[in-house]
Amino acid sequence: MPPVFTMEQRDALKVKLLEIGTELIASSGIKKMSISKVTAKAGIAKGTFYNFFESKERFVIEIIHYGKEEIYRCINKLVEENGYLDKQGFQTLLNKFSLSGKNNVLSIFSKEDMLWLRENCKEEYILDSMKEDVIMKQLFAHVKGLNPHINFHVIANVMKNISLLNEHKLEMHQDALDETQQLIVQAMLDYMFREEIR
């Protein structure tokens, strides 16, 4: 008979599985990450794993969602501490979840991983522009000193460009990758906090 977990134990085990999955993807990629490896590392049976995630595809999507939730937790913490996000807080947030940072789940995906996502998680992988607009407006509602004439779609496109940079990072000059990202981030911050857009 499989073990019975309390809700707290279930939540803790689910987080543990997501973190193990993230580690395994980082070290060997999505294709080579097997459920057997995840369960062995977690010390649970495969059947227990499938009580949490119906498939490998669902597991990978949950890993991405977990990484995004970490960004929201960080935003909420910064807002709670200061009452708002200013240019410096936004910079801190971007640095924490930079392409080279371990806090950005997308930084662990190789080009092959991105292709796997597109092939196996089509509907989940497609960006929802309406949802994106809502998230951007919620985020920027907490930003102090933001240019009142800002176009949120410009910021969304810059963020997508950073993701594309990550997706193609193996084709980039590795010695200049961090500096390139910092240049893009600084240009975005200058745009966001500029007093007037010409």
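Our subject is the structure listed above.
Everything numeric in this text was worked out from a predicted model, so none of it was measured. (Residues numbered from 1 in each chain as written. Predicted model: local features only at pLDDT ≥ 70, side-chain atom pairs only at ≥ 80, totals over all residues. Heavy atoms only, no water.)

> I'd love a proper account of the environment of Gly21, names of residues and values included.
Among the secondary structure elements, Gly21 is positioned in helix α1 (residues 7-32). A C-alpha to C-alpha distance of 6.3 Å links Gly21 and Val38, two positions 17 residues apart in sequence. (Helix = DSSP H or I, 4+ residues; strand = E, 2+ residues; numbered from the N terminus.)

> Let's hear about the nonpolar core: which residues, and what values?
Counting 26 residues, the largest nonpolar core has Leu17, Val38, Phe49, Phe59, Phe109 and Leu117 as its most contacted members. When contributions to this core are tallied by element, the ones reaching two or more residues are α1, α2 (35-42), α4 (56-82) and α6 (111-120). Ranked by residues supplied to this core, first place goes to α1 with seven residues. Ignoring anything within four residues of it in the chain, the contact list for Leu17 reads Val38, Ala42, Ile44, Phe49, Phe52, Phe53 and Phe59. One finds Val79, Leu139, Val143 and Leu189 within the second-largest nonpolar core, a separate group that totals 24 residues. (Core = buried A, V, L, I, M, F, W, Y, C linked by side-chain atoms within 4.5 Å. Buried < 20%, exposed > 50% of the residue type's maximum accessible area, 1.4 Å probe, protein only. Contact = heavy atoms within 4.5 Å.)

> Summarise the side chain of Lys56; cite the residues concerned and give the values.
Mapping Lys56 onto the fold places it in helix α4. Within the buried set, Lys56 has no salt-bridge partner at all; the shortest N-O distance to an opposite charge, 7.2 Å, is to Glu57. A distance of 2.8 Å separates the side chain of Lys56 from the backbone oxygen of Ile30, its partner in a polar contact. If we skip the residues at most four places from it in the chain, Lys56 touches Ile30, Lys31, Met33, Ile35 and Trp116. (Lys, Arg positive; Asp, Glu negative; His and termini not counted. Salt bridge = Lys/Arg side-chain N within 4 Å of Asp/Glu carboxyl O. Polar contact = N/O pair within 3.5 Å; in protein donor to acceptor, adjacent residues only side chain to side chain.)

> I'd like a description of the packing of α1 against α2, backed by residues and values.
Put simply, α1 and α2 touch, their axes get as near as 10 Å, and they point 140 degrees apart. Classified by the angle their axes make, α1 and α2 are oblique. Pair α1 / α2 crosses with right-handed handedness. Contacts between α1 and α2 involve Lys16, Leu17, Ile20, Glu23, Leu24 and Lys32 on the former and, on the latter, Lys37, Val38, Lys41 and Ala42. (Axes fitted to C-alpha atoms, helices over the stretch in contact; angles between N-to-C directions. Parallel < 35°, antiparallel > 145°, perpendicular 65-115°, else oblique. Left-handed = near helix turned anticlockwise from the far one by under 90°.)

> Break down α6 for me, citing the residues and quoting the values.
Every buried residue belonging to α6 is among Asp113, Met114, Trp116 and Leu117, and all of these are buried. Down the axis of α6, the sector holding all buried residues measures 160 degrees, keeping them to one side. (Arc of directions from axis to C-beta.)

> Any chance you could break down the pattern of salt bridges for me, citing the residues and the numbers?
One pass over the full model with this rule turns up six salt bridges. For Glu62, the salt bridge is made with Arg58, and the minimal N-O distance between the two is 3.2 Å. Taken together, the positions of Glu62 and Arg58, both in helix α4 and four residues apart, correspond to about one turn of that helix. Relative accessible area serves as the criterion here: at 22%, Arg58 is assigned to the partly exposed category. Of the charged contacts in the structure, one is a salt bridge between Glu81 and Lys77, with a shortest N-O distance of 3.9 Å. Taken together, the positions of Glu81 and Lys77, both in helix α4 and four residues apart, correspond to about one turn of that helix. For Lys77, a relative accessible area of 51% puts it in the exposed group. Each of Lys14, Arg58 and Glu62 takes part in a single network of salt bridges with overlapping partners.

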